[in-house]
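What the coordinates show
For reference, the chains in residue letters:
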Amino acid sequence: MSVDSGAPLVLVSNRGPVTFEEDGSMSRGTGGLVTALTGLASHRDAVWIASAMTTADAKRAKEAGDEPIHVLTPNGGEYQVTLVASDPEAYDGFYNIVANPMLWFIQHYLWDLSNAPDIRQHEIEAFDYGYRVVNEDLARAVIKQIDGLEHPVVMVHDYHLYLLPAMVRAARPDAFLHHFVHIPWTQSDAWRVLPGRLRDEVFRGILANDIIGFHTTSYRRNFLQCCEDLMGLEVDHAAGIVRYEDREVWVRSYPLPIDAGATLQVARSARVRQFETELLRRRRDHLILRVDRADLSKNVLRGFSAFDLFLEQHPEFREHVTFVAQLMPSRTDVPEYAEYLERIEALVAVVNHRHGTPDWMPIQLKLRDDLEEAVAAYKHYDVLLVNAMFDGMNLVAKEGPLVNERAGVSILSENTGAHEELGEYALSVNPFDIQELADAIHSALTMSETRRAERLEGLKAKVTERDPGDWIDDQLADIRQKAGLELELSPPPLDPA
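Residues numbered from 1 in each chain as written. Predicted model: local features only at pLDDT ≥ 70, side-chain atom pairs only at ≥ 80, totals over all residues. Heavy atoms only, no water.

Okay, the confidence of the model for the protein chain next. Averaged over all residues, the pLDDT of the protein chain is 92; the fraction at 70 or higher stands at 92%. Scored below 50 in pLDDT, residues 491-497 makes zero contacts in the model with residues more than four places away or belonging to other chains. (pLDDT = per-residue confidence, 0-100. Contact = heavy atoms within 4.5 Å.)

A separate point is unusual backbone geometry. Asparagine 100 connects to proline 101 through a cis peptide bond whose omega is 20°. By the secondary structure assignment, proline 101 is in helix α3 (residues 88-107). Cis geometry is adopted by the peptide bond preceding proline 117, which originates at alanine 116 and carries an omega value of 5°. The phi angle at histidine 151 is positive, at roughly 50°, despite the residue not being glycine. Of the residues examined, histidine 151 reaches a relative accessible area of 26% and is grouped as partly exposed. Even without being a glycine, arginine 331 presents a positive backbone phi close to 50°. (Helix = DSSP H or I, 4+ residues; strand = E, 2+ residues; numbered from the N terminus. Buried < 20%, exposed > 50% of the residue type's maximum accessible area, 1.4 Å probe, protein only.)

Bringing the sheet that holds strand β16 (residues 383-386) into the picture now. On the basis of which strands lie adjacent, the open sheet formed by six strands has the order β15-β14-β13-β16-β17-β18 and parallel pairing. If you trace the sheet from one side to the other, it starts and ends with β15 (363-367) and β18 (427-429), each paired once. Ignoring which end each strand starts from, the neighbouring axes of this sheet average 20° apart. Strand direction decides the pairing type here: β16 and strand β17 (residues 409-413), joined by four bridges, are parallel. Counterpart to leucine 385 in the pairing with β17 is isoleucine 411. Contacts from helix α16 (residues 434-446) reach β13 (286-293), β14 (321-328), β16, β17 and β18 within the one sheet, and its direction differs from that of β18 by about 170°. (Pairing = 2+ DSSP bridges. Axes fitted to C-alpha atoms, helices over the stretch in contact; angles between N-to-C directions.)

To continue, consider helix α10 (residues 270-282). Compared with the 18 Å implied by 1.5 Å per residue over 13 residues, the 19 Å span of α10 between its first and last C-alpha is a close match. Of the residues making up α10, those classed as buried are Val272, Glu276 and Leu279. All buried residues of α10 lie within an arc of 70° about the axis, which places them on one face of the element. Residues of α10 that are exposed and angled more than 90 degrees away from the buried face: Gln274, Thr277 and Arg281. (Expected span 1.5 Å × (residues − 1). Arc of directions from axis to C-beta.)

Quick look at the packing of aromatic side chains now. Applying the stated criterion to the full structure yields 23 aromatic pairs. Between tryptophan 185 and phenylalanine 223, the aromatic rings sit 5.0 Å apart at their centres with planes inclined by 80°, giving edge-to-face as the arrangement. With tryptophan 185 in the loop between β8 (176-180) and α6 (188-191) and phenylalanine 223 in helix α8 (residues 217-231), this pair connects stretches of sequence that are 38 residues apart. A single burial state applies to tryptophan 185 and to phenylalanine 223, both of which are buried. Each ring, one from phenylalanine 203 and one from phenylalanine 223, has its centre 6.2 Å from the other, and the planes form 10°; the classification is stacked. With phenylalanine 203 in helix α7 (residues 196-206) and phenylalanine 223 in helix α8, the pair connects residues that are 20 residues apart, well separated along the chain. (Phe/Tyr/Trp six-rings, centres within 6.5 Å; stacked < 30°, edge-to-face > 60°.)

It is worth spelling out the side chain of asparagine 100 at this point. Position of asparagine 100 among the secondary structure elements: in helix α3. In this structure asparagine 100 comes out as buried when scored by relative accessible area, which is 0%. In contact with asparagine 100, other than residues within four places in its own chain, are Tyr95, Tyr159, His160, Arg331 and Val334.

Mapped onto the fold, glycine 261 is located in helix α9 (residues 260-267). Through-space distance from the C-alpha of glycine 261 to that of asparagine 299 is 30 Å; in sequence the pair is 38 residues apart.

What the rule picks out here adds up to 30 salt bridges. Between aspartate 210 and arginine 169 there is a salt bridge, with its nearest N and O atoms 2.8 Å apart. Taken together, the residues aspartate 210 in the loop between α7 and β9 (211-214) and arginine 169 in helix α5 (residues 164-171) connect sequence positions 41 residues apart. Using a relative accessible area of 3% as the deciding quantity, one classes aspartate 210 as buried. Take arginine 169: its relative accessible area is 14%, and that puts it in the buried class. (Salt bridge = Lys/Arg side-chain N within 4 Å of Asp/Glu carboxyl O.)

The next point concerns the sheet that holds strand β11 (residues 241-244). Read across the sheet, 10 strands follow the order β5-β6-β4-β1-β7-β8-β9-β12-β11-β10 without closing on themselves; strand pairing throughout is mixed. Two strands in the sheet have a free side with no partner beyond their single neighbour: β5 (69-72) and β10 (234-236). Within this sheet the neighbouring strands show an average axis-to-axis angle of 25°, counted without direction. Inspection of the sheet shows strand β1 (residues 9-13) paired to strand β4 (residues 46-51) by five bridges, in the parallel sense. Looking at the pairing, leucine 9 lines up with alanine 46 of β4.

The next point concerns α7. Looking at α7, one finds that the buried residues are Leu198, Arg199, Val202, Phe203, Gly205 and Ile206. Down the axis of α7, the buried set is contained in an arc of 160°. They therefore lie on one face. Buried residues along α7 sit in contact with α4 (121-145), α5, β8, α6, β9 and α8.

Take a look at the structure:
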């Protein structure tokens, strides 16, 4: 098998590169996964299979006869996209009960186990008639797409589709399956939250792949240990190999870089300059920035609590520093997320009331997703706060330093994937230690200009070492290597004579 045979790669994920609107227009898909995969889809000939997210998506898929749709995006991207419409009730169980919150909470250590989850028949049925059904729908589309192709390569993405690889493997044993998980992989005990049957189905699904990729060596190590502890499998930790059934599954780490060129291009845009003008007009002596989704894993409340403590312990900074927080509301259909957003707004009100003055509001909370506005703030922060409890990678930690023009200091949680690469040049913090975080804010704001500049240059050098093309090439190189080894080890065909 060769990945250079001319056959397109098949990418499959829950969310695709575009979402269609009722008026026929389309918008770019959101999230870090889409950012990563748009690079892959433009790097090679690829067909991208994803769930239909809206009624307009489903209508467009039906008009196309479930065949790939040729898509040209406003920013010049060009893709072949197959959108798969699932039953709405099945999709709701798949997404809002199993994928989020169940799997997401497990993989970010978010469950308060003394109180939740309570797994009853409702959750079991959501897995059986929601999560499995949507995985089956996308698997059928993959199998149809690779029909007639010899040794096709299928690249599966993220926690939504853990069951799909086994479904494709059963239909096409010759397919090469590669699965990249964009979020953390937690330690063995975290997975014991899932009932045994469901957990086994998840692990057997993902172990049907030939290669499984994670952002960091830590997540890779956790997965290998889970295979040993929960599945009783033979694991070679040094080589990163799990022996499952009659196959060897490679487990690798591929840290996701950002597209530095594209980010810098956005930073030079006219709309960014407009936001800069307004930001600089209102700017105090110091600016602290965070840009996040309003997700429980991002640890927003502790970040504001640490700022509150910092102002209490260092009153000399009052009226001289502003904390700008640009948060995108996330998964508001999930009760835990709606409640979390309410708690964020309430805490901001408390901090602003406690420390604010008639002409100074300590925290400016912006509940919106606006890339240009975020990039304008990236350019002018003194402190970038990334204090996630656990995070797959966190691209904000890479984008911010790249465009910053003020020798900004990064405060970075040791539990982010980005910390493995950037920790040397950031102020590392335990995300649960509010006092340490408050101290880090003070250290960052009082650090010498020389030391700040050295740290920022170190971050910029790390961020620009690799680009998305390298990330893709590393994975394709492993696919070629493993596929080549399998061909060498396979027995020769019988001589008909």
